[in-house]
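So the chains spell out like this:
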Amino acid sequence: MSQNPTKHTKVLIIGSGPAGYTAAVYAARAMLNPILVYGSEPGGQLTTTTDVENYPGFADVIQGPWLMDQMKDQAKAVGTQMIEDHISSVNLKSKPFEAVGDSGQKYTADSIIISTGAQARWLNLKSEQEFRGFGVSACATCDGFFFKEKEVAVVGGGNAAVEEAMFLTKFASKVKLIHRRDSLRAEKMLQKKLMENKKIEIIWDSVVEDVVGDTEPKNVKGIKIKNLKTNKIDEIKVDGLFIAIGHDPATALFKEQLDMDKEGYLITKPDSTETNIPGVYAAGDVKDKTFRQAVTAAGMGCMAALEAEKHLSS
């Protein structure tokens with residue numbers, strides 16, 4: 001098989017989703033002719049979200065996958081070259097930067113925008129995946145609103161889990177926090193607030209074994225939990241289950257080349273998307289573990305493209 005010639009671009013965008021697509025729109029409109037390489041699941045986490053009610057500009061509820069298709073089509077329409085390939089290695093040590101895809105295709109670029117995102121960690125139960133988007137969620141700020149005056153459970157013991165549980169008390173009548181150990185990892189101030197909240201009940205030393213619900217129409221009715229000390233299994237009634245056991249940013253590709261924190265999130269300069277290598281930018285959930293919203297990811301994609309443009313013109 002003959003090897004495709006190397007593709008060169010001023011801006012190579014790795015990863016799709018709100019950050020990558022927005023970066024592409026801005027880079028294309030700046031006449032930088034970007035190439036965006038997307039993997040087997042274009043659109044990222046939003047493609048697993050059904051109803052989106054918090055993206056500005058839409059008075060009616062929109063669908064996550066539809067929003068991503070629109071962004072992709074917009075980026076294409078203004079001149080982004082879209083390539084389906086999985087980038088398997090990068091070399092950021094010398095200029096131009098180099099990336100190689102699984103296809104064997106080699107890309108060279110004067111600047112790179114990384115928007116590879118993150119994945120929520122799941123419990124990996126068959127029933128959990130079955131009810132994903134129908135009562136099982138990994139994002140309280142996205143989906144809490146749908147559980148007004150209902151009972152929900154949150155799984156986890158870190159800051160994220162405690163914050164999700166507290167947030168959900170705005171809507172839910174009761175929140176059960178399920179943790180596999182007998183103490184939380186969350187910071188003490190948060191724990192204190194949690195303990196003081198009358199709507200929250202903590203279920204210690206326990207794991208979720210199964211999600212129970214109806215199939216027509218699909219909705220969650222309860223969960224089976226197992227106490228790890230006694231091995232006793234109880235079924236409790238809840239209308240929703242939130243998984244808050246962490247996210248994994250897709251940054252393995254950049255180990256040893258880019259600065260990242262202990263959880264693997266890329267570190268950028270304050271008020272900037274620039275990484276420790278000038279000309280390499282990071283936008284969206286690959287660098288943001290605080291907000292994790294479509295609109296903030298899109299905002300960072302815009303910043304990255306503007307910073308790349310400025311870098312290339314200097």
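The following refers to the structure shown. (Residues numbered from 1 in each chain as written. Predicted model: local features only at pLDDT ≥ 70, side-chain atom pairs only at ≥ 80, totals over all residues. Heavy atoms only, no water.)

### Focus on the side chain of T251
Take T251: it is sitting in the loop between β18 (247–249) and β19 (280–282). At 2.6 Å, the side chain of T251 forms a polar contact with the backbone oxygen of G264. Setting aside its immediate chain neighbours within four residues, T251 contacts M260, G264, L266 and V286. (Helix = DSSP H or I, 4+ residues; strand = E, 2+ residues; numbered from the N terminus. Polar contact = N/O pair within 3.5 Å; in protein donor to acceptor, adjacent residues only side chain to side chain. Contact = heavy atoms within 4.5 Å.)

### What about the packing of aromatic side chains?
Counting across every chain of the model gives six aromatic pairs. Both rings, one in F145 and one in F171, keep their centres 6.2 Å apart while their planes meet at 80 degrees; by these two values the pair is edge-to-face. Of this pair, F145 sits in the loop between α4 (140–143) and β11 (151–155) while F171 sits in the loop between α5 (159–168) and β12 (174–178); the two residues are 26 residues apart in sequence, bridging distant segments of the chain. Among the aromatic residues, those joined into a cluster by ring pairs are F145, F146, F167 and F171. (Phe/Tyr/Trp six-rings, centres within 6.5 Å; stacked < 30°, edge-to-face > 60°.)

### Side note on the state of the cysteines
Each disulfide consists of a covalent bond between the sulfur atoms of two cysteine residues. Throughout the structure, instances matching the rule amount to one disulfide. Shown here is the disulfide that connects C139 with C142, its sulfur atoms set 2.0 Å apart. The sign of the S-S torsion, about 75 degrees, decides the handedness of the disulfide formed by C139 and C142: right-handed. C139 sits in the buried class, given a relative accessible area of 17%. (Disulfide = S-S within 2.5 Å. Buried < 20%, exposed > 50% of the residue type's maximum accessible area, 1.4 Å probe, protein only.)

### Observations regarding the sheet that holds strand β17 (residues 240–243)
Within the open sheet, the five strands sit side by side as β10-β17-β11-β12-β13. Their pairing is parallel. With partners counted over all chains shown, the strands left at the sheet margins are β10 (136–137) and β13 (200–203), one partner each. Taken strand by strand, α5 contacts β11, β12, β13 and β17, and its axis lies near 170 degrees from that of β11. (Pairing = 2+ DSSP bridges. Axes fitted to C-alpha atoms, helices over the stretch in contact; angles between N-to-C directions.)

### Some details on the sheet that holds strand β14 (residues 206–214)
Read from one edge to the other, the open sheet built from three strands follows the order β14-β15-β16, with strand pairing classed as antiparallel. Both outer strands of the open sheet, β14 and β16 (233–237), are each paired with one neighbouring strand and no more. Averaged over neighbouring strand pairs, the angle between their axes works out to 25 degrees when direction is ignored.

### Examining the pattern of salt bridges
Scanning the entire structure with this criterion turns up twelve salt bridges. One salt bridge connects E201 with K176, and the closest N-O pair in it is separated by 3.4 Å. Taken together, the residues span a long stretch of sequence, with E201 in strand β13 and K176 in strand β12 at a distance of 25 residues. Residue K176 is classed as buried on the basis of its relative accessible area, which comes to 12%. A salt bridge links D205 to K229; the shortest N-O distance between them is 3.6 Å. You can see D205 sitting in the loop between β13 and β14 and its partner K229 sitting in the loop between β15 (219–227) and β16, a full 24 residues away along the chain. With relative accessibility at 13%, the residue D205 sits in the buried group. The structure contains a network of salt bridges with shared partners spanning D182, D205 and K229. (Salt bridge = Lys/Arg side-chain N within 4 Å of Asp/Glu carboxyl O.)

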